Amino acid sequence: MELIEHKYVEANGLKHHVAEIGSGSTVVLFLHGFPEIWYTWRYQMVAVAKAGYRAIAPDFRGYGLSDKPPVPEDTTFSVLVDDLPPILEAMKIDKVFVIGQDFGAMVAYKFVLEHPERVLGVATLGVPFMPPGPFTSHKTLPEGFYISRWNEPGRAEADFGRLSAKTVIKNIYTMFSRNEIPIAKEGQEIMDLVEPSTPLPSWFTDDDLAAYGDLYERSGFQTSLAVPYRSLFAPERETGKNVEDPRIEVPALYVTGEKDYLFKFPGVAEFVKSGEVKKYVTNLEIKFLPEGTHFISEQFPDEVNHHILTFLQSNTRCA
């Protein structure tokens with residue numbers, strides 16, 4: 001990863017950290033999820049740079065090495081989307097392929113809806129385009145559903161606060177790499193779903209954990225609890241601003257693991273596998289990784305890189 005360069009750019013009054021590699025004329029913008037940072041994309045950035053593209057991966061405000069906003073609790077999906085144009089302008093970038101994983105997929109799609117003139121294509125990992133409307137999965141899942149718990153002011157803060165940032169990251173990576181939705185029992189906290197003796201996923205090294213742990217120790221979890229978790233319930237999540245018809249018409253790719261716990265959220269698997277998602281994303285190609293769980297960019301980097309590069313190369317000629 002020594003070839004990846006790091007810089008800071010000003011956007012909306014904050015200093016944003018951006019990782020960058022490659023010098024091609026076509027730019028690929030990578031957007032991370034939670035509990036992720038730019039480092040999530042280390043394998044994909046190197047791969048696309050070797051294929052002749054320029055890859056950039058910012059840390060969202062309040063994440064990683066980017067500045068914390070003055071009031072982290074006020075951060076929303078729209079705020080993160082609004083940071084992207086000035087970041088691109090500061091780096092003299094006009095158009096991009098945008099690739100998002102986990103909640104970064106939601107930011108990616110909002111960016112496409114609000115700034116279609118800046119997008120050559122969009123790819124998402126794990127999280128598909130979701131139709132307009134409020135988040136409702138919590139209504140049909142038990143009270144201990146992790147998103148419901150983390151939406152409760154103060155509860156996640158107390159739960160995480162018992163542990164080091166490194167242990168919190170280890171626990172979340174472990175939970176999210178399983179094939180079951182994290183749901184705590186009554187009187188049990190989400191962090192208690194992982195026994196201290198549980199080993200890391202085989203593809204996630206101690207060095208990887210240290211990289212994440214160090215940066216979350218620096219940033220804390222205030223912004224990441226605001227986005228994605230507490231913003232999921234906000235009305236502004238429903239569509240892009242000023243977008244009456246939330247339809248994605250640029251070339252699109254969705255890659256997901258068939259064992260991703262998210263596929264057990266009510267309605268998600270049917271929405272994707274029935275093809276209903278293509279009512280909103282009209283030019284969508286879907287790829288499944290049979291053994292993939294949630295963090296496929298790190299679990300199966302070669303397969304993910306293949307699908308991303310095939311998508312980029314197929315659509316660069318048309319861009």
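In the annotation of an unreviewed UniProt entry, the entry for the protein reads Soluble epoxide hydrolase, and the organism field reads Heracleum sosnowskyi. As stated in UniProt under Sequence similarities (unreviewed entry), the record for the protein gives "Belongs to the AB hydrolase superfamily. Epoxide hydrolase family."

Asker: Now, about helix H8 (residues 222-229): what can you tell me, with residues and values included?
Answerer: Within H8, 7 of the 8 residues are buried, leaving the element largely enclosed by the surrounding structure. Those residues of H8 that are buried are in contact with helix H2 (77-90), helix H3 (103-114), helix H4 (146-151), helix H5 (155-161), helix H6 (165-176) and helix H7 (206-219).

Asker: Could you give an account of the layout of surface pockets, with specific residues and numbers?
Answerer: Where empty space is left becomes clear once a probe the size of a water molecule has been rolled over the atoms. Volume-wise, the largest pocket comes out at about 520 Å³. Surrounding the largest pocket, 27 residues form its lining, Met-130, Phe-135, Ser-137, Phe-265 and Val-268 being those nearest its centre. Secondary-structure elements contributing two or more residues to the lining of the largest pocket are H3, H4, H8 and helix H9 (268-273). Residue classes in the lining of the largest pocket are distributed as 20 nonpolar, 5 polar and 2 charged.

Asker: Describe in detail the packing of aromatic side chains, supporting the description with residues and values.
Answerer: To describe a pair of aromatic rings, you give the distance between the ring centres and the angle between the ring planes. Within this structure, the stated rule accounts for 38 aromatic pairs. Between Tyr-39 and Tyr-212, the ring centres sit 5.5 Å apart and the planes meet at 85°, which makes this aromatic pair edge-to-face. Separated by 173 residues along the polypeptide, Tyr-39 in the loop between strand S3 (27-31) and helix H1 (42-50) and Tyr-212 in helix H7 bring together distant segments of the chain. Looking at Tyr-39, the relative accessible area reads 14%, which means it is buried. Where Phe-160 meets Phe-221, the ring centres are 5.0 Å apart and the plane angle is 65°; that geometry is what we call edge-to-face. Taken together, the positions of Phe-160 in helix H5 and Phe-221 in the loop between H7 and H8 put the pair 61 residues apart, joining distant regions of the chain. Each of the two residues, Phe-160 as well as Phe-221, counts as buried. Between the NZ or CZ atom of Lys-15 and the centre of the ring of Tyr-8, over which it lies, the distance is 5.1 Å. One Lys or Arg, Lys-273, reaches over the ring of Phe-288 and ends 5.5 Å from the middle of that ring.

Cut-offs used in this document
- Residues numbered from 1 in each chain as written.
- Predicted model: local features only at pLDDT ≥ 70, side-chain atom pairs only at ≥ 80, totals over all residues.
- Heavy atoms only, no water.
- UniProt positions renumbered as here; feature names shortened; annotations may be inferred.
- Buried < 20%, exposed > 50% of the residue type's maximum accessible area, 1.4 Å probe, protein only.
- Helix = DSSP H or I, 4+ residues; strand = E, 2+ residues; numbered from the N terminus.
- Contact = heavy atoms within 4.5 Å.
- 1 Å grid on protein atoms, 1.4 Å probe; cavity = no way out; pocket = protein on both sides within 12 Å on 5 of 7 lines; lining within 4 Å.
- Points joined across faces, edges and corners; volume = space filled by probe spheres on them.
- Nonpolar A, V, L, I, M, F, W, Y, C, P; charged D, E, K, R; others polar.
- Phe/Tyr/Trp six-rings, centres within 6.5 Å; stacked < 30°, edge-to-face > 60°.
- Lys NZ or Arg CZ within 6 Å of the ring centre and 35° of its normal.

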